[in-house]
Amino acid sequence: MKKFNVRKVAVLGAGVMGAQIAAHLVNANVETLLFELPAKEGDLNGNVNKALDGLKKLDPAPISSPSRITYIQAANYEQHLEKLRECDLIIEAIAERLDWKSDLYRKVAPFVNANAIFATNTSGLSINKLAEAFPEQLRHRFCGIHFFNPPRYMHLVELIACTGTELPLLDQLETFLVSTLGKGVVRAKDTPNFIANRIGVFSMLATKHHAAAFNLGFDMVDALTGRYLGRPKSATFRTLDVVGLDVFAHVVNTMRENLTEDPWHKHFELPSWFNYLVDQGALGQKTKKGIYQKIGKEIHVLDLHTKQYRLSDAKVDDGVKDILRERDWAKKLAALRANQHPQAQFLWATFRDVFHYCALQLENIANNARDFDFAVRWGFGWDSGPFEIWQAAGWQQVAGWITADIAAGKAMANTPLPEWVTEADRVGVHTAQGSYAPVGRDSSRQGAVGLKPDLQPRSTLPVYQRQLFPDALIGETRHYGETVFETDAVRLWHSGDSIAILSFKTKMHAVNNEVLDGVLRAVDEAEANFSALILWQTETPFSAGAHLLQLMQGVQESKEKVGMFGKLKQAATRVKYTAAGGGGMGDLFNAATGNVPKVEEVVAKFQQVSQRLKYAQVPTIAAVDGLALGGGCEFAIHCARTVATLESYIGLVEVGVGLLPAGGGCKEMTQRAAAEAQRFANDNRVDVFPYLRRYFQNIAMGEVAKSAQMAKEMGYLRASDRIVLNRFELLHIAKEEAKALNASAYRPPLHQRQIAVAGRTGIATLKAAMLNMREGGFISEHDYNIGCRVAETLCGGDVETGSLVDETWLLDLERRNFMELLATDKTQARIEHMLKNGKPLRN
């Protein structure tokens, strides 16, 4: 088959899903056309332009940067059908009406080129019925491609073939979806609502059914079925509000109309209260009123008895709460089943009926249990799929409980469990060799040979070789290479090649003194025995920043031993003297007694670590996924290269706790501003300030980039840094970057000894702007103090504009201002408040 290259994509339909799919395509640098019906008045592209404007207002943002919306090309069916001939992939995403979709297919078919793939984003209509409206000669290139809302953030895409779809074509499309768009692809059978919606919606219906049986309010159900069960905080009924009650009603209606033989068919009904809300136009989040309603700052919930909204204040029973805190699923489910409290019985009944339904429907809707569990995990945000939970809880034990409840008439349906469930040797559905496939080997995927006939291994499509550590299931084991050294804080390892990988072991991968020691040791080890060093975490985030508790403990010990902050202030004064060209570091560290110097020594060590990462004799790569805040950001910006997933949230946020970046962050931003000024200088006159302003704003406002693309625009990432769409490919691409750097005989940058700074004029300009903000009540006196210190550090201190300084000068300024801020009561209060409440304090 001819190689499939996606150069341009057309999305038909600029509704909620179509516009967001188009947005994610341009997130991935795919040229995209977005079609909509022509406007009846004015510009014929009026409807699609309105949809594009709507993208800017959505939260969370579907686009990685507002600037990228302009890359979506507006089109309409009256003027631009000829442009479809240029497209390699066409995705239909109009309303869920079979007749409307069929009419559209007949309209656009003459303009679809013979090598294009045409895919429908239907959430549950029959792919085979839709294919009937498509020309027979193109039907082999027709399939379903079901994105989940919001497409940028939801990992799942279900891929569904029609009877005539060429399977190699699906392999090519899967490769594009996985690597280019960063998705987790599951092959679903052509059944109503496919896999994720079928199971997720049934779980909600079962939850609704048992909530009524045990007389539990909506807020109580959500208190029980959220994070305690490893599911999103929105739990059940809040999720319905987010999805939209009208959308949920459509999905349930699809099940009711098309699954008449389903043993649970009688439960595919919506209760009177649901129809009441829909009739009232209370559709959830989009109408600001649904099952829940926000009134002022309070959350209110519908009371079924009064049909009025009341304050949401559900409290889980203490005994049930203790059960839910149990991490062992075997103990948790056993305790829920044995406990007679209505909350516990509700939870067991819901689990039982969901397990029962999954066991009966697996062979009808999925090729194997792995696809089944991943669909629910990736599509509904569950930490574990239904079969994973069942397996973790003890397969045979749970199967026995379900069988007993069916016999006792407690289950929602009396159909017995299928025979494969109760096989004597069955301990689950997931193993290291593969996952259970109820009808033998899954022919739609390439797989290994020589396995048990009912086990389906993972796909061997070449794209998955890029995932060195793919998303794991229970029963699978992960081996993170061979250990070079390991401490309580870090582990350095390799996977059989010449590239060393350093992973942190601290909570949220926070940076403490022991992590700093580990990084220094890792750089030494890499220079001696490896070709490169990658900072990569086995789980997100990359790093949430400095270990504040350790910092405050040092401060508190200092208070007790030294008395207030006299010694801290003395030490800070010595740093100021050093920054002005006075005594050496030995004098500095000997200036104070007790534990006071320890805080400062850690700051100095942090700066040393950043410099070692920057000037190491081998390439250093920061592989960033998720949060890279404060110290985590400082590590990344000092590495030779950063490879970041699109969903990386990067920023220097120290001002939130009354400090400034002192691990080289301010220094590095000053250097970047100076380099940019030099690059665009006219007649050798270097004016740093215009380029410095944005870095000041980033740091002084504690601004965090809401995507890796935004991080590039804000200057946290460089033009040479890479953005990765699929987080499971991150380590592979980081390794490839290291190899590429070495292929060109990598050398670290030369030490900069002449960095142009904005000096006192720059400081004065920034202070004037902050003074206006303080006088206007937009910032506090302490905010102003912090901002002034940030300005002084970034501008190079009290020197003439255009003065040339070196990195040591800037690092000393950082450290001195950090220490002086740490000595203030208000900064200490901010740190303590953050530790206690997880939120910043403005004082």
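Residues numbered from 1 in each chain as written. Predicted model: local features only at pLDDT ≥ 70, side-chain atom pairs only at ≥ 80, totals over all residues. Heavy atoms only, no water.

Asker: Break down the overall build of the chain for me, citing the residues and quoting the values.
Answerer: Counting its secondary structure elements, the chain contains 30 helices and 22 strands. Its C-alpha atoms give the chain a radius of gyration of 29 Å, near enough to 28 Å, the size a compact globule of 843 residues would have. Counting the 843 residues in the chain, one finds 58% classified as buried. In the chain, of all internal contacts separated by at least 6 residues, the share reaching a separation of at least 24 is 71%. Accessible surface, the chain: about 34,900 Å² in total, of which carbon and sulfur atoms supply 51%. The chain carries 96 positive and 94 negative side-chain charges, and their two centres are separated by 2 Å. (Helix = DSSP H or I, 4+ residues; strand = E, 2+ residues; numbered from the N terminus. Rg over C-alpha atoms; globule rule 2.2 N^0.38 Å. Buried < 20%, exposed > 50% of the residue type's maximum accessible area, 1.4 Å probe, protein only. Contact = heavy atoms within 4.5 Å. Areas by Shrake-Rupley, 256 points an atom, 1.4 Å probe, with all protein chains shown as cover. Lys, Arg positive; Asp, Glu negative; His and termini not counted. Charge placed at Lys NZ, Arg CZ, Asp CG, Glu CD.)

Asker: Can you lay out the packing of aromatic side chains for me, pointing to particular residues and giving the numbers?
Answerer: Under the defined criterion, the tally for this structure stands at 36 aromatic pairs. Ring geometry for W348 versus W401: centroids 5.7 Å apart, planes at 90 degrees, classification edge-to-face. Taken as a pair, W348 in helix α13 (residues 342-365) and W401 in helix α16 (residues 395-407) lie far apart in primary sequence, 53 residues in all. On the basis of an interplanar angle of 55 degrees and a centroid distance of 6.1 Å, the ring pair of Y480 and W536 is categorised as tilted. In this pair, Y480 sits in the loop between β13 (455-456) and β14 (482-486) while W536 sits in the loop between β17 (532-535) and α18 (548-562), placing the two residues 56 residues apart along the sequence. Y480 sits in the buried class, given a relative accessible area of 16%. The residue whose ring lies beneath R231 is W382, and the NZ or CZ to ring-centre distance is 3.8 Å. In this structure, R426 packs its charged tip against the face of Y436, placed 4.5 Å from the ring centre. (Phe/Tyr/Trp six-rings, centres within 6.5 Å; stacked < 30°, edge-to-face > 60°. Lys NZ or Arg CZ within 6 Å of the ring centre and 35° of its normal.)

Asker: I'd love a proper account of the sheet that holds β14, names of residues and values included.
Answerer: Spatial ordering of the open sheet is given by β14-β15-β16-β17-β18-β19-β20, a layout of seven strands whose pairing is mixed. The outermost strands of the open sheet, each flanked by one partner alone, are β14 and β20 (722-724). For this sheet, the mean inter-axis angle between neighbouring strands, taken without regard to orientation, is 25 degrees. Bridging between strand β19 (residues 641-651) and β20 involves three bridges; their strand directions are parallel. Bridge assignment links V643 to a residue of β20, and that residue is R722. Helix-sheet contacts for helix α22 (residues 631-638) involve β16 (499-504), β17, β18 (620-629) and β19, and the interaxial angle to β18 is about 150 degrees. (Pairing = 2+ DSSP bridges. Axes fitted to C-alpha atoms, helices over the stretch in contact; angles between N-to-C directions.)

Asker: Hey, could you go over the nonpolar core for me, with residue numbers and the actual values?
Answerer: I291, F387 and W390 are the most contacted members of the largest nonpolar core, which has 116 residues in total. Broken down by element, the residue count for this core peaks at 13 residues, all from α13. With near-sequence residues (within four places) excluded, W390 lies in contact with F355, A359, W395, V398, A399, I402, L417 and V421. Within the second largest apolar cluster, 81 residues are counted, among which are F530, F542, A616 and I699. (Core = buried A, V, L, I, M, F, W, Y, C linked by side-chain atoms within 4.5 Å.)

Asker: Could you give an account of the side chain of E158, naming the residues involved and the relevant values?
Answerer: With respect to the helices and strands, E158 occurs in strand β7 (residues 156-161). Although E158 lies buried, it forms no salt bridge, and the closest oppositely charged side chain, R198, sits 10 Å away as judged by the N-O distance. Within the structure, E158 has its side chain in polar contact with the backbone nitrogen of I195 (distance 3.1 Å). (Salt bridge = Lys/Arg side-chain N within 4 Å of Asp/Glu carboxyl O. Polar contact = N/O pair within 3.5 Å; in protein donor to acceptor, adjacent residues only side chain to side chain.)

Asker: Account for the environment of A330, with residues named and values stated.
Answerer: Note that A330 resides in helix α12 (residues 329-338). Along the primary structure A330 and L473 are separated by 143 residues, whereas in three dimensions their C-alpha atoms are 17 Å apart. Not counting residues up to four positions away in its chain, the partners in contact with A330 are A392 and A393.

Asker: Provide a residue-level description of the side chain of T642, including the pertinent values.
Answerer: Within the secondary structure layout, T642 lies in strand β19. At 3.0 Å, the side chain of T642 forms a polar contact with the backbone oxygen of A636. The contact partners of T642, leaving out residues within four places of it in the chain, are A622, V624, A636, L717, R718, D721 and R722.

Asker: An account of the confidence of the model for the chain is needed here, citing residue identities and associated values.
Answerer: Per-residue confidence for the chain averages 92 on the pLDDT scale, and 93% of its residues sit at or above 70. Residue range residues 571-597 is modelled with pLDDT below 50. Its contacts to residues more than four positions away, or to other chains, number 43 contacts. (pLDDT = per-residue confidence, 0-100.)

Asker: Please set out α12 residue by residue, giving values where relevant.
Answerer: Buried residues of α12: W329, K332, L333 and L336, and no others. What you see down the axis of α12 is that its buried residues fit within an arc of 90 degrees, all on one side. Those residues of α12 that are exposed and angled more than 90 degrees off the buried face are K331 and A338. Where the residues of α12 are buried, they touch α11 (318-324), α13, α15 (386-392) and α16. Residue D328 occupies the N-cap position of α12, its side-chain oxygen lying 2.8 Å from the main-chain nitrogen of A330. (Arc of directions from axis to C-beta.)

Asker: Break down the pattern of salt bridges for me, with residues and values.
Answerer: Applying the stated rule across the entire model yields 52 salt bridges. Note that R612 and D524 form a salt bridge whose closest N and O atoms lie 2.7 Å from each other. Of this pair, R612 sits in helix α21 (residues 596-615) while D524 sits in helix α17 (residues 513-529); the two residues are 88 residues apart in sequence, bridging distant segments of the chain. Overall, D524 belongs to the partly exposed group, its relative accessible area being 45%. A cluster of three or more residues bridged by salt bridges with shared partners is formed by D219, D303, R310 and D313.

Asker: Residues and numbers for α22, please.
Answerer: With eight of eight residues buried, α22 lies mostly within the body of the structure. Among the residues of α22, G631, G632, C633, E634, F635, A636, I637 and H638 are the ones counted as buried.

Asker: Before we move on, could you go through the environment of V439 and cite the residues and values that matter?
Answerer: Residue position: V439 is located in the loop between β12 (435-436) and β13. Residue V439 is classed as exposed on the basis of its relative accessible area of 57%. As for V439 and D241, which are separated by 198 residues in sequence, their C-alpha atoms are 38 Å apart. Leaving out residues up to four positions away in the same chain, V439 has contacts with K189 and E363.

Asker: An account of unusual backbone geometry is requested, with residue identities and associated values reported.
Answerer: The phi angle of most residues is negative, glycine excepted, and most peptide bonds adopt the trans form. Going from N149 to P150, the amide bond is cis rather than trans, its omega being 0 degrees. Of note, P150 is situated in the loop between β6 (142-147) and β7. A cis amide bond links T540 to the next residue, P541, at an omega of 0 degrees. Counting through the fold element by element, P541 comes out in the loop between β17 and α18. Located in the positive-phi region is M508, a residue other than glycine, with phi close to 55 degrees.

Asker: Can you tell me about a nonpolar patch on the surface, naming the residues and giving the values?
Answerer: Together, M701, M773 and F778 give the surface a local cluster of nonpolar side chains, amounting to about 330 Å² of exposed area. Relative to the assigned elements, M773 resides in helix α27 (residues 759-775). What makes M773 partly exposed here is its relative accessible area of 30%. (Patch = residues over 30% accessible without salt bridge, like charges linked within 9 Å, V, L, I, M, F, W, Y side chains within 5 Å.)

Asker: Lay out the sheet that holds strand β9 (residues 292-295) in plain terms, naming residues and giving numbers.
Answerer: Ordered by their spatial adjacency, three strands build an open sheet running β9-β10-β11, and the pairing between neighbours is antiparallel. This sheet does not close on itself; its edge strands, each paired only once, are β9 and β11 (308-311). Averaged over neighbouring strand pairs, the angle between their axes works out to 40 degrees when direction is ignored. Strand direction decides the pairing type here: β9 and strand β10 (residues 298-303), joined by four bridges, are antiparallel.

Asker: Describe the packing of α12 against α16, and please don't skip the residues or the numbers.
Answerer: Two numbers describe how α12 lies on α16: the axes approach to 11 Å, and their chain directions differ by 25 degrees. The pairing of α12 with α16 is recorded here as roughly parallel in orientation. The crossing of α12 and α16 is left-handed. Side by side, α12 and α16 meet where L333, A334 and R337 of the first sit next to V398, W401, A404 and D405 of the second. For the contact of α12 with α16, the class distribution of residues is five nonpolar, no polar and two charged. (Parallel < 35°, antiparallel > 145°, perpendicular 65-115°, else oblique. Left-handed = near helix turned anticlockwise from the far one by under 90°. Nonpolar A, V, L, I, M, F, W, Y, C, P; charged D, E, K, R; others polar.)

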